Structures are given as structure tokens and as C-alpha cells.
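# Observations on chain architecture
For reference, the chains in residue letters:
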Amino acid sequence: MPSRSEKLFPIFLIIPALAVVFFLVIFPLVWALGLSFYKYNVLRGGEPIFVGLANYIRLLGSEFIWERFVTTAEFVVAAVALEFILGFALAFLFHQEFTGRRLAITLVTMPLLVAPIAAGIFFKYIYDATFGIFTYLIWALTGVQVNMTKDYAMLAVVLLDAWQWTPFMMLFILAGLEAVPKHLLESAEIDRLSWFDKFRVVIWPTIRPLVMLALLFRTMDAFRTFDTVFALTEGGPGTQTELISITLYRIAFKYFRTGEACALAFIVLVIVILLTNLYLRMARRVTE
Amino acid sequence: MATTSRIVRRRSPVKRALLYLVVVIVCLIFVFPIFWMVTTAFKTRAQAFSWPPLFVWEPTLRNFIDIFIKRQTEIEAITGWELELATGAEIFFYNSIIVTFGSIALALIIGTLAAYSFSRYRPTGTDTLMFFILSTRMLPAIVVAIPIYFFYKALGLYSTHIGLILLYTMFNLPFAVWMMKSFFDEIPKDIEQAAMVDGTTPIKIFYKIALPQVLVGLAATVGFLIINVWNEFLFALLLTERSVRTVPVAIASTRGEVGINWGLIAALETLYVLPAIILIFLLQKYLLRGMTFGTVRGV
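Residues numbered from 1 in each chain as written. Chains lettered and ligands numbered in written order. Predicted model: local features only at pLDDT ≥ 70, side-chain atom pairs only at ≥ 80, totals over all residues.

### Regarding the overall build of chain B
- For chain B, the helix and strand inventory stands at 15 helices and 0 strands.
- Counting the 299 residues in chain B, one finds 46% classified as buried. (Helix = DSSP H or I, 4+ residues; strand = E, 2+ residues; numbered from the N terminus. Buried ≥ 20, exposed ≤ 12 C-beta atoms within 10 Å, placed from the backbone.)

Right, here's the structure in full:
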């Protein structure tokens, strides 16, 4: 019969973790939820005025906000699709046996560890219209001098994201490929299955959960993208690359429309929760 | 994981050469921006602005000296922004290091304790709590940042090391709990059970028997926690002023400026990014695992 203190031991162990989550996540969130029903501007000060659902109604009725969600969706779909295709190709490349394979994988995964803000700032130099190396290479190949961050801003942002996150996609798919049982591949060879059938029957069922997980992970992260775009284009030119995270930042910390910012934050939060639930369900299935 | 299914095939020399060619091109594409950043750090202002871009030049160390030691030129005095960079880099690095290690120590202690409890004792509601802790990591940073900003101003935690450390502890906790639990789950429970029968206290079992067996996992976890905090930008931007600013904020302060001295920025970025990149050689084996909170074991 364990003593009282021994029974409580497991609880003691998790109390600090729960305290951190409570004070730094739950409490602020509840406070923000409350404020989202008020009209409050921190610069003007004064008492917050209760306005009910007015912030939500105004935001959801605003064409500008809907456009920002569309821009965000365009960015997410373009970036994740590109990363998925390239990641797949790279995974098959690195699934082959060759000398220096480990080193090559390490080199390719390096962008994952670069601070996104540093990458964003530096890609501005790389893309620069008058002396950037990217502009130079394109010019050398095609004779056209492009201004990426002005004329092809969305493409510039997507390429940066793909540079940084394709390796992530590749790692997932590679892990899936490595887990395909060898005897199944061998019997597929014996049965002389076509490449497509081999993929469909043997490879895809094994890698599918990992591919789904990778897609969801990237979708959620791409949805939250802030640092790189903030550094590279600041949402511009105009609002061409203004993702919802940047709009949120502007409302909250440029215009200091705090109540409205909290309301938008919760709209974003609901979307993220929906995505997260999808992810958690997948994750459970993968770990089981 | 055993690499059982990799395709081992004898290839013709032509196919072999082709394979290597593709691999080299792929590696070049992903490494090139980093390579370009490191080399730009060794260029003077004029060299960094040259068209066509210079591939051969006489490297200079001036940028690396300048970011630590103030050496103001006339142009810098007018534009103002470089003054901040050139005079302050050591402070920014100091802040980044303090905040990174402070928050990692906290997150690791708190997270490991919770992970051990979740893995060994499975108190009621373990699954719910685990997923709840993970879901905090899925919040867009800015959603939490708005209320935290006001709390910190009210509590006097705004622009303090402690404030940022606490916030990053929260930020890193899901990682620490999930990663450490996955490592605890992997070690056999027999020895601990035997010790329990012998009447060893639970605390002693934890740090004398369980902890030594997950040291490798602990090290891998530390690596990922370092990268998370080291690279974080938004919270640092919103919650700090000059004296507590971290390097990412200093790097970003050059946004929107014209006539940036790119060599100087590149030097600052190089010094900042390289430690994280070097970590990749140590963490390669755990890369996937770290990025999926321990849910995928990886190659």
C-alpha cells in the first residue's frame, strides 16, 4: 500500500507544468476573449466600452479581412503544394544508396535551422532588383532583369518558404519510404508490377499516414507564417502578400485597436483549432 | 529504424554520374543562400553592392569587427540605423544567450518532471492533458502575444529578461514534455519496478535510475529547445526594448531601410545562424522526431 505522499508524487511532478500553462496561456486567452467584446484603444486609454459582438460582426463583414484570408489561403496552398511536390522528389532521390548520402541529407536540411527572420531579411538582398544574386542568375539565364519583391511578390514569398520547409516535407516522406517492408518490394519485383502499381499497392499504404501528417503540419505552420513575410515584403506591395498574421499584427500593434485585434485573434484561433483537431486525430492514428 | 528498404542497385556509370549531378545541384540550391550570406559577410559595402555580384574578391574582416565596435561613418550617422547595429551587437548576443539558456533550463526541468509522471504513473486524464499541452503550441504566437503584452506592462515584466524567459518557457514546454515522454516511454520499466519493490523512494528512482537512461534524449531535446528560442522573433519584438533586445530583433530593425550595408547584416546573421546550423550535425538523427514533438521516430 503506497503512502499518501507516494500517491501524490505523480501529481506534484505535473503541477509546475500546469501552472505555466495556466498563467501564460489560459489566463491571457480568457482575458483576450473578454476584451474582444469591448471597444478599447490602448493609446487613447480610457475605459473599455462594451460593444458585444460588434467587433466580430465588423471583422466578418469586412471585405478587406476576407481578402486577407484569401491571400493567406493562396500562400498556404501554393507553398505547401510546392513543398509537397519537391519534397516527394527529394525523398525518392535520397532513398537511393550512394556515397555521401548522409552528408547530402544534412546539407539539404540546413535551411530548417536558419532563423526565419534572418532568412527573410537576407532573401531581400538575394532578390534585390539591382544587385541581388537571384536577379543576376535569372538575368544570366533569360536576359530579363526581374524585381521579385515588387512584380512577383507572392512568388518570392512562396519560394522563400519552399526553400526553408521543403526539407521538412522530404524528411517525413523519406522516413515513410525507409519503413516500407523490403519483402513487399521484392514480391512486387517478382510479380513484375509496373512502377505505378508498385507505388500504389506497396509504397503508398505505408507512407500515407506520414504524408498526411507532414501536409497538416506544414499547412498549420504556413497559416501562421509571419517572420519571413514581415521581413521580406511587409505584406506589400500594397496588400499583395499581406497574410492574416500581418494584418493581426498591424491592428494590434500599429493601430492599437486592441478589442478588434482580440476578436480577429479569436477568429484565427478557431480556424487553427479546427486544423489542429484534424492533426491530432492523424497523430493519434500514426502513433498507435 | 533499420534502413531495410533502401534501393541498392548496381547502376551503369552514366546513371551513376547523373545521380551525383542531381544530388550536387539539389545540395547547391539549398545551401547556396546560406553560403551567399556567409561570403557576403566578408565583403565591403561597395563589394556587396556590385553588379554583377562578385564571386572572387579580397575578403575583409571589417564587418565582424564593426558589429561589435562602433566605427561610425558620415552616412551611418545620417541614416542612424547602423549606429544601433554597430554599437550594440554584443548586447544583443548577450540577451539572446541569457534568454535562451534561462528558458531552456526552466522548460527542461518542468517538462521532464511532467513527462516522467505522464510516462510512468499515467495519472487520470494523462491523454487529455498531454494533448492540451500540445495544443498550446499550435496557437498563433500573436494571439497570445496581445494579452501578454498588456500583462507584462502592468506587472513590470515588459522588457525584462525574466519576462522573456518565462514566455519562452511556456513556448518550449510542449516540446519538452512530448519529447521527454517519448524517450521515457522507450526505456524498460523493469529496473524501476524492482527498485520500487526494494522500497527505494520515488524521487530517488527518478533521478538515480530513470534519468540516467534518457540522457541522450535529454541532450537531443535541449538541442531543439535551443533552436526554438534562438530563432524566435515576434515575442522578442513585442516584449522588449533596446537593452533587452535579442539578435533577431536587431536583424529585423534593418527592414525597409535603403542603402543597407549588407556586409554588416550578413556578418551579424552569420554569427547568429551558424551555431544553430552546427547543431544540425549533432541533431540529424533526431531531426524529424524533434519537429513532430516525438510523435514520429524518423530515419
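### A word on the overall build of chain A
- Summing up its helical and strand segments, chain A has 13 helices and 2 strands in all.
- Its C-alpha radius of gyration of 24 Å places chain A more than 25% over the 19 Å reference for a compact globule of 288 residues.
- Seen through its C-alpha atoms, chain A measures out along the principal axes to roughly 80 × 75 × 30 Å.
- Looking at chain A residue by residue over its 288 residues, the buried ones come to 44%. (Rg over C-alpha atoms; globule rule 2.2 N^0.38 Å.)

### Quick word on unusual backbone geometry
Residues and elements named next belong to chain A.
- A positive phi angle, near 55 degrees, is found at Glu234, a position not held by glycine.
- For Glu234, the position within the fold is in the loop between α11 (227-232) and α12 (244-253).
- Look at Glu234 and you get partly exposed, because 16 C-beta atoms sit within 10 Å.
- Not every positive phi belongs to a glycine, and Phe256 is a case in point at roughly 50 degrees.
- Assignment of secondary structure puts Phe256 in the loop between α12 and α13 (258-287).

### Side note on the packing of helix α5 (residues 116-127) of chain A against helix α8 (residues 153-178) of chain A
Residues and elements named next belong to chain A.
- Where α5 contacts α8, the axes come no closer than 11 Å and their chain directions differ by 130 degrees. Relative to α8, the element α5 is oriented oblique. Viewed along their axes, α5 and α8 form a crossing whose handedness is right-handed. Seen from α5, the contacting residues are Pro116, Ala119, Gly120, Phe123 and Tyr127; seen from α8, they are Ala156, Leu160 and Gln164.
- Classifying every residue of the contact of α5 with α8 by side-chain character gives 6 nonpolar, 2 polar and no charged. (Axes fitted to C-alpha atoms, helices over the stretch in contact; angles between N-to-C directions. Parallel < 35°, antiparallel > 145°, perpendicular 65-115°, else oblique. Left-handed = near helix turned anticlockwise from the far one by under 90°. Contact = placed C-beta atoms within 7 Å. Nonpolar A, V, L, I, M, F, W, Y, C, P; charged D, E, K, R; others polar.)

### Some thoughts on the domain arrangement of chain B
Residues and elements named next belong to chain B.
- Structurally, chain B comprises domain 1 (13-66) and domain 2 (88-291).
- The C-alpha-based centres of domain 1 and domain 2 are spaced at 32 Å.
- Counting residues at the interface gives 11 residues for domain 1 and 8 residues for domain 2.
- When contributions to the side of domain 1 that touches domain 2 are tallied by element, the ones reaching two or more residues are α1 (13-40), α2 (45-48) and α3 (62-66). (Domains from an automatic or database assignment.)

### Let's talk about the environment of Ile57(A)
Residue and element names in this part refer to chain A.
- Tracing the chain through its elements places Ile57 in helix α2 (residues 54-61).
- Its 12 C-beta neighbours within 10 Å are what place Ile57 among the exposed residues.
- Note: C-alpha distance between Ile57 and Pro111 (54 residues apart in sequence) is 41 Å.

### Topic: the interface of chain A and chain B
- Between chain A and chain B, the residue contacts involve 81 residues of the former and 82 residues of the latter.
- Top contributing element to the side of chain A that touches chain B by residue count: helix α1 (residues 4-35) of chain A, with 16 residues.
- Residues that form the side of chain A that touches chain B fall into these classes: 66 nonpolar, 8 polar and 7 charged.

### Overview of the environment of Asp128(A)
Residues and elements named next belong to chain A.
- Secondary-structure assignment places Asp128 in the loop between α5 and α6 (133-142).
- Owing to 21 C-beta atoms within 10 Å, Asp128 belongs among the buried residues under this scheme.
- Considered as a pair, Asp128 and Met169 are 41 residues apart in the sequence and their alpha carbons are 28 Å apart.

### Considering the confidence of the model for chain B
Residues and elements named next belong to chain B.
- Per-residue confidence for chain B gives a mean pLDDT of 83; residues scoring 70 or more make up 88%.
- The weakest mean pLDDT in chain B belongs to helix α4 (residues 74-79) at 54; the strongest belongs to α1 at 93.
- Quick note on the complex model: pTM equals 0.88, ipTM equals 0.87. (pLDDT = per-residue confidence, 0-100.)

### Considering the packing of α1(B) against helix α14 (residues 262-283) of chain B
All names here are of chain B.
- Closest axis-to-axis distance for the α1/α14 pair is 7 Å, and the angle between their directions is 115 degrees. Every pair of crossing elements has a handedness; the one defined by α1 and α14 is left-handed. Residues Met37, Val38 and Thr40 of α1 lie in contact with α14, whose contacting residues are Trp262, Gly263, Ala266, Glu269 and Thr270.
- Per-class residue counts for the contact of α1 with α14 are 4 nonpolar, 3 polar and 1 charged.

### Description of helix α10 (residues 195-224) of chain A
All names here are of chain A.
- In this model α10 runs just 38 Å from its N-terminal to its C-terminal C-alpha over 30 residues, more than 12% under the 44 Å that 1.5 Å per residue would give.
- The sharpest bend along α10 comes to roughly 60 degrees, located at Trp204, with the proline Pro205 sitting one to four residues further on.
- Along α10, the positions that sit buried rather than exposed are Ile203, Ile207, Leu210, Leu213, Ala214, Phe217, Arg218, Ala222, Phe223 and Arg224. (Expected span 1.5 Å × (residues − 1). Bend = angle between axes of the 7 residues up to and from the residue.)

### Re the environment of Ala32(A)
- Take Ala32(A): it is sitting in helix α1.
- Measuring from C-alpha to C-alpha, the distance between Ala32(A) and Thr258(A) comes to 9.1 Å, with 226 residues separating the pair along the chain.
- If sequence neighbours within four positions are ignored, Ala32(A) has contacts with Cys262(A), Ala265(A), Ile146(B) and Pro147(B).

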